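Architecture at a glance
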Amino acid sequence: MQFRAAVLHAPHTPLAIETIEAVDLQPNDVLVRVVAAGLCHTDLEVIEGQLVYPMPIVLGHETAGVIEAVGSAVSLKRRGERVVLSWNPHCGHCFHCERDQPILCETYTANGPHAVQFDGATRLRLGGAPLRTMFYMAGFAEYAIVTDSCAIAMPADMPLDRACLIGCGVMTGVGAAINIARLGYGETVMVIGCGAVGLSAVQGARLAGATAILAVDRNRDRLALAQKVGATHVAAVPDEDALEAASRLTGGRGVDCVLESAGNAPAFRLSAEACRTGGQIVWLGKTGVNEDVAFRWGSLMGEKRIVRSSYGGARPARDFPLLARAYLDGKLHLDPYLTRHLTLEDINAGFADLKAGRGIRSVIQFAG
Ligand SMILES: [Zn+2]
Ligand SMILES: [Zn+2]
């Protein structure tokens with residue numbers, strides 16, 4: 001079959017809208033007609049050359065759509081089902097899967113850097129040559145082919161332009177608060193960085209029962225959004241001293257938990273300084289893999305637990321439907337994330353906004 005996709009041929013070049021081909025479905029494949037796809041910072045990292053993948057490649061890993069066809073071995077999915085796609089397929093039986101760490105699945109980590117499907121092969125072609133698939137999904141296209149376990153059914157009344165956000169940013173942030181930090185009622189939390197992941201971390205903290213949530217960002221519009229979705233206090237850095245604010249909030253002790261989602265050295269340092277002794281720090285943001293980040297050693301002392309998390313401890317089949325339910329029940333706010341809807345042709349303008357820090361999420365909406 002043939003369909004349109006946004007193709008990246010080389011870092012620092014615009015995505016090109018091209019007609020690509022897909023080969024026949026393999027037994028475990030699910031073919032999804034893409035309805036909505038969010039633009040995430042990780043896509044931008046590939047465009048900017050910070051995250052290196054073979055090219056040409058189709059990016060996009062925050063995707064929702066409707067199942068169009070299933071492979072011969074897929075038994076529990078049906079044509080017409082509305083789904084959100086997970087970017088973390090896992091085999092279920094390797095060293096890490098058996099230790100309940102699917103994010104580290106050996107097949108996932110082995111094939112991921114090659115940008116191929118979970119079975120190690122490609123499904124996409126451009127002019128007859130292999131085309132790479134980011135995060136087992138290639139969501140910036142009219143159709144996506146994923147392995148069975150990546151397609152997670154949504155309630156019929158879940159709008160797919162909201163649902164797609166669950167697939168990356170929302171899962172990462174909410175999951176960090178609930179699955180990784182396992183926050184409880186009455187806890188004090190600092191969230192650094194209020195993009196889609198940070199706003200979701202704020203909401204995860206609120207859903208878990210945190211009673212004081214201090215949101216930190218440079219951008220006051222984002223802090224206003226953070227307050228809208230659950231932050232009880234805000235600190236606009238660098239004008240306001242976030243450490244001082246955390247100290248005031250906790251009688252000088254520091255917060256029980258810091259959820260860091262800004263991804264820069266000062267933010268990582270702040271996370272360690274603001275955490276109370278015996279508290280916990282979850283790093284969600286990322287900086288260049290070869291960059292060094294320096295800490296005041298004393299800020300790491302005092303039995304603090306420091307965890308780095310990529311996908312909020314996601315168990316997609318368990319968590320995606322719960323997050324959709326929370327949205328439909330009015331407990332998880334996703335509408336404020338939607339800065340604008342784009343056509344596939346406008347995708348480069350969406351990335352320009354993301355790079356400039358304008359808005360939270362641009363979502364590509366496909367016709368039909
Ligand atoms: Zn993402
Ligand atoms: Zn595995």
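Nothing here was measured: the structure is a model prediction, and the numbers come from that model. (Residues numbered from 1 in each chain as written. Chains lettered and ligands numbered in written order. Predicted model: local features only at pLDDT ≥ 70, side-chain atom pairs only at ≥ 80, totals over all residues.)

Let's talk about the overall build of the chain
Let me state the cut-off plainly: Strands are runs of DSSP state E lasting at least 2 residues, helices are runs of H or I lasting at least 4, and numbering of each runs from the N terminus. Radius of gyration here is computed from C-alpha atoms only, and the compact-globule reference equals 2.2 Å multiplied by the residue count raised to the power 0.38. Once C-beta atoms are placed from the backbone, each residue is buried if 20 or more other C-beta atoms lie within 10 Å of its own, exposed if 12 or fewer, and partly exposed for counts between those two. We call two residues in contact whenever the C-beta atoms placed from their backbones are within 7 Å.
Each helix and strand in the chain was counted, giving nine helices and 18 strands. The globule rule puts the C-alpha radius of gyration for 368 residues at 21 Å, and the 20 Å found for the chain is close to it. Along the first, second and third principal axes, the C-alpha atoms of the chain reach 65 × 40 × 40 Å. Here the chain holds 368 residues, and the buried ones make up 49% of them. Residue pairs at least 24 apart in sequence account for 70% of intrachain contacts in the chain once pairs closer than 6 positions are excluded.

Some points on the domain arrangement of the chain
Rules: These domain boundaries are the output of an automatic or database domain assignment. Residue type decides the class: Asp, Glu, Lys and Arg count as charged, Ala, Val, Leu, Ile, Met, Phe, Trp, Tyr, Cys and Pro as nonpolar, and the leftover types, Gly among them, as polar.
Its domain assignment divides the chain into domain 1 (2-153 + 334-365) and domain 2 (170-308). Averaged C-alpha coordinates put domain 1 and domain 2 at centres separated by 29 Å. Facing the seven residues of domain 1 at the interface are nine residues of domain 2. A per-class count over the side of domain 1 that touches domain 2 returns four nonpolar, two polar and one charged.

Examining the environment of Arg4
Mapped onto the elements, Arg4 comes out in strand S1 (residues 2-8). Residue classification places Arg4 among the partly exposed residues on the basis of 16 C-beta atoms within 10 Å. In sequence terms Arg4 and Lys331 are 327 residues apart; their C-alpha atoms lie 36 Å from each other. Excluding residues within four positions of it along the chain, Arg4 makes contact with Ile17, Thr19, Ala141, Glu142 and Leu344.

Regarding the packing of helix H3 (residues 160-180) against helix H8 (residues 316-328)
In helix packing, the relevant descriptors are the interaxial angle and the interaxial distance, both defined with respect to the helix axes. Applicable threshold: To define axes, lines are fitted to C-alpha atoms, for helices over the stretch in contact only, and angles between the resulting N-to-C directions are given on a 0 to 180 degree scale. Here roughly perpendicular refers to angles of 65 to 115 degrees, roughly parallel to angles under 35, roughly antiparallel to angles over 145, and oblique to all remaining angles.
Relative to each other, H3 and H8 sit at 105°, their axes nearing to 10 Å. In this view, H3 runs roughly perpendicular relative to H8, as classed from their interaxial angle. Contact residues: Arg162, Ala163, Ile166, Val170, Met171, Val174 and Gly175 in H3; Asp319, Phe320, Leu323, Ala324 and Tyr327 in H8.

Considerations on the nonpolar core
To be explicit about the condition: By convention in this section, buried Ala, Val, Leu, Ile, Met, Phe, Trp, Tyr and Cys residues joined through C-beta atoms within 7 Å make up a nonpolar core.
Grouped together as the largest cluster of nonpolar side chains are 121 residues, with contacts concentrated most on Val32, Val58, Phe140, Val191, Ala215 and Leu259. Top contributing element to this core by residue count: H3, with 13 residues. Both of domain 1 (2-153 + 334-365) and domain 2 (170-308) provide at least three residues apiece to this core. Among all residues touching Val58, those that are not within four sequence positions of it are Ala5, Ala6, Val7, Leu124, Leu131, Thr133, Met134, Ala138, Phe140 and Ala141.

Overview of the pairing of strand S18 (residues 361-365)
Put simply, the rule is: Any two strands with at least two DSSP bridges between them are considered paired. Handedness of a crossover is defined as follows: orient the strands so they point away from the viewer, and if the path from the first strand over the helix to the second runs clockwise, the crossover is right-handed.
By the criterion of burial, S18 is predominantly enclosed, with four of the five residues buried. Two elements, strand S3 (residues 29-38) and S18, share three bridges in a ladder whose sense is antiparallel. Among the inter-strand pairings, Ala36 is bridged to a residue of S18, identified as Gln365. Handedness of the crossover joining strand S17 (residues 338-342) and S18 through helix H9 (residues 347-356): right-handed.

Re the environment of Gly302
Here Gly302 shows up in the loop between strand S15 (275-283) and strand S16 (305-308). Exposure remark for Gly302: the 12 C-beta atoms within 10 Å place this residue in the exposed category. Distance from Gly302 to Gly278, taken between C-alpha atoms, is 6.0 Å for residues 24 residues apart in sequence. Not counting residues within four places of it along the chain, the set of residues in contact with Gly302 comprises Thr277 and Gly278.

A short note on the sheet that holds strand S13 (residues 233-236)
The six strands lie next to each other as S13-S12-S11-S14-S15-S16, forming an open sheet whose pairing is parallel. A strand with exactly one partner marks an edge of an open sheet, and here the two such strands are S13 and S16. Within the sheet, the average angular offset between the axes of one strand and its neighbour, ignoring direction, is 15°. Looking at chain direction, strand S12 (residues 212-217) and S13 are connected through four bridges and run parallel. Paired with Val216 across the strands is Ala235, a residue of S13. Lying over the sheet, helix H6 (residues 242-249) contacts strand S11 (188-192), S12, S13 and strand S14 (255-260), oriented at roughly 175° with respect to S12. In the packing of helix H7 (residues 265-274) onto the sheet, contacts are made with S11, S14 and S15, and the angle to S15 comes to roughly 150°.

Some remarks on the sheet that holds strand S4 (residues 57-58)
Around the barrel, five strands lie side by side as S1-S2-S7-S8-S4; this closed barrel has mixed pairing. With two bridges connecting them, S4 and strand S8 (residues 129-133) associate as parallel partners. Across the sheet, the residue bridging to Ile57 is Arg132, located in S8.

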